[in-house]
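So you can see what is in the structure, the chains are spelled out below.
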Amino acid sequence: MIESKARKRIITELLRLTHPPHFTYERIQYDLSHLQAAKFCLTIQAHGSNPELEIFIYLEFTNHCYTTGTPKVADTPHDLVDHNNWPRWFDPDRHETSLILPNFVRQLHKKKCFFTRNQNWLIIELQGESGSSIPFYLVFSAWKIKDQDNGLHLRIVSAYKKTEGENAPHRGSNLDRTSFAMLARKTLAGESVKRYRRR
């Protein structure tokens, strides 16, 4: 069967974002199998006049989930390039954080998503570590798959914990937000997700 142009485009993009099964950094081998492209179903509960909705997620991760754009030590040769062919440096801390992502994205239907200045969305959560709470940031984009009923293409652009000196988005309390459920419904319906004026 001849594949549609949309499906071929998706396959091409998934191949471009395919990660090696592991990466060796300073003689230590880091597993990347959890960041391979995947598909799964997600059920959005009924709310008001909106019925229950089952959506099919096509999931992919960029290598920003385990790399940074700035070396920790000046003049260090970069390890990788990203999907835009920009240099990236492997980051063990980001890799450790990435281990929670497969389970985290399967809970997106319970999350609030913040608007950003571009076409990405942002989730901010506090996570406990050593008796303190550390902000966790997940940046993603989502769009409808044209030839797949209720198919949503989800790209995890970046995910990291805020550390001292690391650039991070503005505080979540100051940003407009919507639920992932609403974002998914609107995206699948081909509607824009509007900001509501804060009072």
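Bear in mind the structure is a predicted one, so any value in this text is a computation, not a measurement.

S.K.: Go over the nonpolar core with me, naming the residues and quoting the values.
M.R.: Core analysis: the biggest nonpolar cluster contains 38 residues, and Ile55, Leu138, Phe140, Leu154, Ile156 and Phe180 have the highest contact counts within it. Sorting the residues of this core by element identifies strand E3 (38–44), strand E4 (53–61), helix H3 (101–105), strand E8 (112–115), strand E9 (121–129), strand E10 (132–144), strand E11 (151–161) and helix H4 (180–188) as the ones contributing at least two each. Setting aside residues no more than four positions away along its own chain, Leu138 makes contact with Leu101, Phe104, Trp121, Leu122, Ile123, Ile156, Ser158 and Ala159. Membership of the second largest hydrophobic core comes to six residues, among which are Phe114, Leu122, Val157 and Tyr160.

S.K.: Describe in detail the packing of aromatic side chains, supporting the description with residues and values.
M.R.: Tallied over the full model, the rule gives eight aromatic pairs. Their ring planes at 55° and their centres at 6.0 Å tell us that Tyr66 and Phe90 sit as a pair that is tilted. Taken together, the residues Tyr66 in the loop between E4 and strand E5 (67–68) and Phe90 in strand E7 (residues 87–90) connect sequence positions 24 residues apart. A residue is classified by how much of its surface remains accessible, and Phe90, at 4% relative accessible area, is buried. By way of ring pairs, the aromatic residues Phe23, Tyr25, Tyr30, Tyr66 and Phe90 are connected into one cluster. Above the ring of Phe40, the side-chain terminus of Arg106 is found at 4.3 Å from the ring centroid.

S.K.: Tell me what's going on with the pairing of E4, and back it up with residues and numbers.
M.R.: Within E4, seven of the nine residues are buried, which leaves the element mostly enclosed by the surrounding structure. Judged from the seven bridges that link them, E3 and E4 form a sheet pairing that is antiparallel. Pairing of Ile44 across the sheet is with Leu53, part of E4.

S.K.: So, the sheet that holds E5: which residues are in play, and what are the values?
M.R.: In sheet architecture, strand pairing relies on hydrogen bonds along the backbone and comes in two forms, parallel and antiparallel. Pairing is antiparallel across the open sheet formed by three strands, whose spatial order is E5-E7-E6. At either margin of the open sheet sits one strand with a lone partner, and together these are E5 and strand E6 (80–81). One ladder, built from two bridges, connects E5 with E7; its direction is antiparallel. Its bridge partner being in E7, Thr68 is matched across the sheet by Trp89.

S.K.: I'd like a rundown of the pattern of salt bridges, residues and numbers included.
M.R.: Pairs can form between side chains of opposite charge once their charged atoms are near each other. Under the criterion given, the structure shown has five salt bridges. Between Lys72 and Asp91 there is a salt bridge; the shortest N-O distance is 3.6 Å. Linking Lys72 in the loop between E5 and E6 with Asp91 in the loop between E7 and helix H2 (92–98), this pair joins segments that are 19 residues apart in sequence. Lys186 is paired through a salt bridge with Glu191; the nearest N and O atoms lie 3.2 Å apart. Here Glu191 falls in the partly exposed class, since its relative accessible area comes to 43%. Among the charged side chains, a salt-bridge network with shared partners connects Lys72, Asp91 and Asp93.

Scoring rules and cut-offs
Residues numbered from 1 in each chain as written. Predicted model: local features only at pLDDT ≥ 70, side-chain atom pairs only at ≥ 80, totals over all residues. Heavy atoms only, no water. Core = buried A, V, L, I, M, F, W, Y, C linked by side-chain atoms within 4.5 Å. Buried < 20%, exposed > 50% of the residue type's maximum accessible area, 1.4 Å probe, protein only. Helix = DSSP H or I, 4+ residues; strand = E, 2+ residues; numbered from the N terminus. Contact = heavy atoms within 4.5 Å. Phe/Tyr/Trp six-rings, centres within 6.5 Å; stacked < 30°, edge-to-face > 60°. Lys NZ or Arg CZ within 6 Å of the ring centre and 35° of its normal. Pairing = 2+ DSSP bridges. Salt bridge = Lys/Arg side-chain N within 4 Å of Asp/Glu carboxyl O.

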